[in-house]
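# Topology and contacts: notes
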Amino acid sequence: MHLSTAEQQRLKSRYGSWALITGASSGIGKELAERIAEAGLNVLIVARRKALLEELAAKLRTQYRVEVLVVEADLGMPEGIQHVLQSAQALDVGLLVSSAGFGTSGLFTESSLEEEHAMLRVNCASLLHFTYHYSKIFQARKRGGIILLSSMVAFQGVPYSAHYAATKAYVQSLAEALNLELKPFGVDVLAAAPGPVETGFSEVANMKMSMALTPKDVGVPILQALGRKTTVFPGFLTKLLVYSLRTAPRTLKVRIMQMVMGGMTEHQRKG
Ligand SMILES: NC(=O)c1ccc[n+]([C@@H]2O[C@H](COP(=O)([O-])OP(=O)(O)OC[C@H]3O[C@@H](n4cnc5c(N)ncnc54)[C@H](OP(=O)(O)O)[C@@H]3O)[C@@H](O)[C@H]2O)c1
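Residues numbered from 1 in each chain as written. Predicted model: local features only at pLDDT ≥ 70, side-chain atom pairs only at ≥ 80, totals over all residues. Heavy atoms only, no water.

## Considerations on the environment of Arg228
Spelled out, the test is: A helix here means a DSSP run of H or I that spans at least four residues, while a strand means a run of E at least two residues long, and both kinds are numbered starting from the N terminus. By definition in these notes, contact holds between two residues if any of their heavy atoms fall within 4.5 Å. Two N or O atoms form a polar contact when they lie within 3.5 Å of each other; inside protein one atom must be a possible hydrogen donor and the other a possible acceptor, and for residues adjacent in sequence the pair counts only when both atoms belong to side chains.
Within the element layout of this structure, Arg228 appears in the loop between helix H8 (215-225) and strand S7 (231-232). Arg228 sits 122 residues away from Gly106 along the chain, and the two C-alpha atoms are 36 Å apart. Apart from residues no more than four positions distant in its own chain, Arg228 is found in contact with Glu7 and Arg10. Reaching out from Arg228, the side chain makes a polar contact with the side chain of Glu7 at a distance of 2.8 Å.

## Digging into the site of the ligand
Defined as follows: Near, as used in this document, describes a residue that has one of its heavy atoms within 4 Å of the molecule or strand being considered. Per-residue and other accessible areas were derived by the Shrake-Rupley procedure at a 1.4 Å probe size, with only the shown protein chains allowed to occlude residues. Side-chain classes follow a simple rule in which Ala, Val, Leu, Ile, Met, Phe, Trp, Tyr, Cys and Pro form the nonpolar group, Asp, Glu, Lys and Arg form the charged group, and the remainder, Gly included, forms the polar group.
Every one of the 30 residues lining the ligand counts as a neighbour, but Ser25, Ser26, Arg48, Tyr164 and Thr199 are closest to it. Contact with the protein chains removes 96% of the 880 Å² of surface that the ligand exposes when unbound. A class-by-class count of the residues in the shell around the ligand yields 14 nonpolar, twelve polar and four charged.

## Re the nonpolar core
Inclusion rule: Joining through side-chain atoms within 4.5 Å is the link that ties buried Ala, Val, Leu, Ile, Met, Phe, Trp, Tyr and Cys residues into a set, and such a set is a nonpolar core. A simple rule labels every residue: compare its accessible area, found with a 1.4 Å probe on the protein chains alone, to the largest value its type can have, and call it buried under 20%, exposed over 50%, or partly exposed in between.
Counting residues in hydrophobic clusters, the biggest one holds 46 residues, and the most contacted among them are Leu20, Val46, Leu75, Val84 and Tyr134. Residue contacts for Leu20: discarding those within four places in its chain leaves Leu44, Val46, Val84, Ala88, Val93, Leu95, Leu96, Val97 and Tyr134. Of all hydrophobic cores here, the second largest spans 40 residues; its members include Ala47, Val68, Leu149 and Val220.

This is how it looks when you write it as structure tokens:
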């Protein structure tokens with residue numbers, strides 16, 4: 001899917017001239033980087049796997065004639081975050097996309113506390129740092145956009161992926177509140193809450209997805225929603241899943257999620 005010319009112009013005029021995209025080496029972040037570059041914004045792309053970022057950078061430079069800055073950084077480390085901010089210091093960043101993140105699954109008591117802390121640092125602490133930094137800059141300038149990757153798991157507890165879902169509840173709550181706080185200053189904040197998407201995510205999280213969207217299904221709807229919605233549920237499958245659960249009481253939603261995630265992580269408990 002591609003953005004219409006009008007949508008590309010809207011993105012560029014409201015959020016140019018640079019976009020900073022974390023998690024751009026793969027999946028949803030990579031797709032967003034492509035669509036944003038296609039709209040004519042220069043992009044600063046961040047992740048740990050430099051070779052993948054370089055490959056994407058070469059493609060974006062040739063295909064869309066934009067400037068691309070590659071920043072290799074581990075966002076689980078304070079030095080990684082500082083490195084990104086320093087690299088971006090001289091750039092006119094008007095759009096932040098915080099897509100870097102990963103999940104874990106299985107019984108909470110069998111998880112590695114170290115890995116759960118690492119997930120908290122990437123999914124929440126680094127996102128907080130970038131959001132805080134650019135909120136202040138965008139507020140002073142009275143323009144800017146912030147897209148935070150939440151998830152449909154953010155809206156209730158999710159047994160067998162309890163802590164991952166909790167990190168996404170944090171992101172969702174922060175985005176909803178900032179959307180209203182920053183609106184009077186001309187700054188748009190969006191929570192993007194996809195359902196299952198076929199990316200590198202499921203392998204890292206050790207989850208088996210039976211149905212999933214592709215990054216191409218979710219990139220355009222996310223960008224179209226920026227400045228128009230507080231939360232976007234991108235893709236048909238996401239809407240179907242979210243709306244079918246909408247009227248269920250929260251306690252029932254947790255039970256349903258236990259069944260769904262139970263199926264996705266069953267292989268772990270069978271050994
Ligand atoms: N896929 C889904 O079903 C789904 C659904 C809802 C929400 N989400 C959210 O969407 C976001 C993107 O996930 P995805 O599905 O696109 O998965 P993905 O393909 O695995 O991409 C994750 C990205 O995050 C980066 N990342 C992970 N740990 C990092 C670290 N320590 N430092 C820097 N970068 C790091 C990865 O880059 P490197 O490995 O190169 O560092 C990669 O670019 C995540 O926040 C995820 O929670 C995903």
